[in-house]
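# Overview (structure and organization)
So the chains spell out like this:
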Amino acid sequence: SQTIHQWPATLVQPVGSPLSLECTVEGTSNPNLYWYRQAAGRGLQLLFYSVGIGQISSEVPQNLSASRPQDRQFILSSKKLLLSDSGFYLCAWSVGPGVFAKNIQYFGAGTRLSVL
Amino acid sequence: GQNIDQPTEMTATEGAIVQINCTYQTSGFNGLFWYQQHAGEAPTFLSYNVLDGLEEKGRFSSFLSRSKGYSYLLLKELQMKDSASYLCAVTPYNNNDMRFGAGTRLTVKP
């Protein structure tokens, strides 16, 4: 069966510090991978998605970046965090492209980031 | 733009039935999803509709009308553990793109 791992669970970082959040998927090949952010009491905002190694699409211009160095690894980074980067970050995966793909997304446990 | 609207909060009684509505206006349509999210946790998949009609899965059912841009999630025999946020999401043309509503926070009372 497929599993998705995301870490750390919580993170407190000072303004201006770097960020690296990692997500890995097991039990599937060539998944689509996603990074979302959820502000308190708000819906999910898609930040990045990837359909393959080295292929990243950005939905929201900001000081965050994403990389996919391996097929089942997705990393969210920042060189300098802002206060507004605080939130709940979620990684998700779905079955890779295909005519009958329903694109059901399965989420990791999330990282709660507080920038102080 | 993509608009997905659902009520912010709802309250219901244990054992009752509740219907959570979702309306959407998107550039295209390739499926509608419902997710459940307990406070502080990740969303979990509940249901998927791509054709008009009702999909039933145990105590949960989801309905879709593409011509009206409308869906609802029906929860029967409510239990206290059903207290959570319910997120409506739509995939427009691009299968890699899923747009979420802000979610409906359901509180189930004894």
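This text follows the structure it describes.
Throughout, a residue's number is its position along its own chain's written sequence, starting from 1. To label them, take the chains in the order written and letter them from A, then take the ligands in the order written and number them from 1. Under the rules for a predicted model, residues below a pLDDT of 70 receive no local features and side-chain atom pairs below 80 are neither given nor counted, while totals for whole chains, interfaces and linings still include all residues. Heavy atoms from the whole structure form the basis of all side-chain values; hydrogens and water molecules are not counted.

## Considering the layout of surface pockets
Selection rule: Using only the protein atoms, space was sampled on a 1 Å grid; points where a 1.4 Å probe fits but cannot get out form cavities, open sets with protein on both sides within 12 Å along at least five of seven lines form pockets, and lining residues are those with an atom within 4 Å of a point. Grid points are joined across faces, edges and corners, and a volume is the space filled by probe spheres set on the points. Secondary structure elements follow DSSP: runs of H or I of four or more residues count as helices, runs of E of two or more count as strands, with numbering from the N terminus. For this scheme, ten residues count as nonpolar: Ala, Val, Leu, Ile, Met, Phe, Trp, Tyr, Cys and Pro. Four count as charged, namely Asp, Glu, Lys and Arg, and the remainder, Gly too, count as polar.
Its boundaries defined by the atoms lining it, the largest pocket holds a volume of some 500 Å³. Along its surface, the largest pocket is lined by 26 residues, and A:Gln38, A:Ala40, A:Gly41, A:Arg42 and B:Ser85 are the ones closest to its centre. Every element with two or more residues in the lining of the largest pocket is listed here: strand S9 (87–94) and strand S11 (111–115) of chain A together with strand S9 (84–90) and strand S11 (104–109) of chain B. A per-class count over the lining of the largest pocket returns eight nonpolar, 13 polar and five charged. A volume near 310 Å³ is recorded for the second largest pocket. In terms of lining residues, the second largest pocket is bounded by 18 residues, among which A:Arg37, A:Gly43, A:Leu44, A:Gln45 and A:Leu46 are the most central.

## Some details on the interface of chain A and chain B
To be explicit about the condition: Contacts are assigned to residue pairs that have any heavy atoms within 4.5 Å of one another. We define a salt bridge as a side-chain nitrogen of Lys or Arg found within 4 Å of a carboxyl oxygen belonging to Asp or Glu. A 3.5 Å cut-off defines polar contacts: any pair of N or O atoms within that distance qualifies, except that in protein one atom must be a possible hydrogen donor and the other a possible acceptor, and neighbouring residues in sequence count only when both atoms are side-chain atoms.
Opposite the 23 residues of chain A that make contact, chain B presents 20 residues. Linking chain A to chain B there are zero salt bridges. Linking chain A with chain B are two residue pairs in polar contact (both at pLDDT 80 or more), by the criterion used here. Elements represented by at least two residues in the side of chain A that touches chain B include exactly strand S4 (32–38), strand S5 (44–52) and S9 of chain A.

## Some words on the state of the cysteines
So the rule is basically this: The disulfide criterion is simple: two cysteine sulfur atoms within 2.5 Å. When a residue's accessible area, from a 1.4 Å probe over protein chains only, is under 20% of the maximum for its type it is buried; when over 50% it is exposed; and in between it is partly exposed.
Counted by the stated rule, this structure contains two disulfides over all chains. One disulfide in the model links A:Cys23 with A:Cys91; its S-S distance is 2.0 Å. In this structure, the disulfide formed by A:Cys23 and A:Cys91 twists by about -75° around the S-S bond and is classed as left-handed. With A:Cys23 in strand S3 (residues 19–26) and A:Cys91 in strand S9, this pair connects stretches of sequence that are 68 residues apart. One exposure class covers both A:Cys23 and A:Cys91, and it is buried. Between B:Cys22 and B:Cys88 runs a disulfide, and the two sulfur atoms are separated by 2.0 Å. Judged by the sign of its S-S torsion, about -70°, the bond between B:Cys22 and B:Cys88 is left-handed. Of this pair, B:Cys22 sits in strand S3 (residues 18–25) while B:Cys88 sits in strand S9, and the two are 66 residues apart along the sequence. Taken individually, B:Cys22 and B:Cys88 each receive the classification buried, so the pair is uniform in this respect.

Geometric values such as these leave the question of function open.
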